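Secondary and tertiary structure notes
Residues per chain, in single letters:
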Amino acid sequence: MYQCRSLSSTNFRHPPKHCAGSKLTSDFRLLLRAILAIGRWPRVAVGGRVYVFDMEQMTEQLVRTLARAQARAEFATWSTVLATHDHGTRAVDLEDGPEIRKELGRREVTLELARVLNVTENRIWSIVYNAATVRDRAPRTWQAFSGGSIDAARVGAIAMTIDKLTTSAAVEALDASVVAYASSHTLGELRGWLNRMRARLEPEAAETEAEQAIERRRVEITHNDDGTSWLSALLPTHVAIAVGSRLRKAAKKLPKIDPETGERDRRNREQKRADL
């Protein structure tokens, strides 16, 4: 990340071992403040040493450090919410009283967490469910989350996939391989990988789910108050892709000049597709 030397030294190629490292020491904090103050990446003298920074390498390191710190903060929030919720609901369950009172007490625990964190009740339920799923069924993933290797969004996607798996062997196989992929790919790429992994681990279950989903295909029309309506359709993916492709090609072939009026067609691409 950087090299350093005493002010009297001239050898920058082989810095002393005590100068290497990436921990935010007090000298490093002072150096970072200096860089932020002058807005560039110079040679800076701090504590009797001269630091020479590579801007690209330093920026990448800072971004990675910030991402890991953010993921650790998300883990702290999730683990605290889960522990607090577990403790609160256990205390409610130990009380004497009718079941309806206990149910209200459990919900009160959730509502209080939502109030403190300034989020919705559904958000708290989502954190509790996903955190408990990963903690109890995917220990490697939970450990990676605690270390900041993966963030909350990725853990949530993993938890949703675990919830769909029907065997402990499939969950174990997923937990053994998902961290390496999740820590080096985007959330969208991870979701695609999880779908493929699930289909590979439990092909029959994935196929059955796809068949059931196709059985729910439908077209819906919702009328608005402003003279427009929403036309939506739940279709098999390959059909939706074909429809989108046809609309796109047809809209592209429309003439720029209206042959009937001789005027320029001012509709945008989306408007043309809607008119088809």
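Summarised in this report is the structure supplied together with it. Within each chain, residues carry numbers counting from 1 in the order of the written sequence. Confidence filtering applies because this is a predicted model: local features only for residues at pLDDT of at least 70, side-chain atom pairs given and counted only at 80 or more, and all residues used for totals across whole chains, interfaces and linings. By convention in this description, side-chain values take in all heavy atoms of the structure and omit both hydrogens and water.

**Let's talk about the overall build of the protein**
The secondary structure content of the protein amounts to eleven helices and five strands. For this analysis, residues touch if any pair of their heavy atoms sits within 4.5 Å. Pairs at least 24 apart in sequence give 52% of the contacts found in the protein among residues at least 6 apart. For every accessible area listed, the method is Shrake-Rupley and the probe measures 1.4 Å; residues are considered covered only by the protein chains on display. Working note: accessible area of the protein is about 19100 Å², and carbon and sulfur atoms make up 53% of it. Strands here are runs of E lasting at least two residues and helices are runs of H or I lasting at least four, both read from the DSSP assignment and numbered beginning at the N terminus.

**A closer look at unusual backbone geometry**
The phi dihedral of Asn 118 falls on the positive side, at around 60°, and the residue is not glycine. Secondary-structure assignment places Asn 118 in the loop between helix H3 (99–117) and helix H4 (121–137).

**Topic: the pairing of strand S5 (residues 229–234)**
In this analysis, strands are considered paired if DSSP registers two or more bridges between them. As paired strands, strand S4 (residues 218–223) and S5 are joined by six bridges and run antiparallel to one another. Bridging across to S5, Ile 221 finds its partner in Leu 231.

**Some thoughts on the packing of helix H5 (residues 139–147) against helix H7 (residues 168–182)**
Packed helices, taken two at a time, are described by the angle between their axes plus the distance between the axes. In this analysis an axis means a line fitted to C-alpha atoms, helices contributing only their contacting stretch, and an angle means the value between N-to-C directions, from 0 to 180 degrees. Put simply, H5 and H7 touch, their axes get as near as 8 Å, and they point 30° apart. Classed by the angle they form, the pair H5 and H7 counts as roughly parallel. Across the interface between the two elements, Pro 139, Arg 140, Thr 141 and Ala 144 of H5 pack against Glu 172, Asp 175, Ala 176, Val 178 and Val 179 of H7. Here the angle decides the label: under 35 degrees means roughly parallel, over 145 means roughly antiparallel, 65 to 115 means roughly perpendicular, and every other value means oblique.

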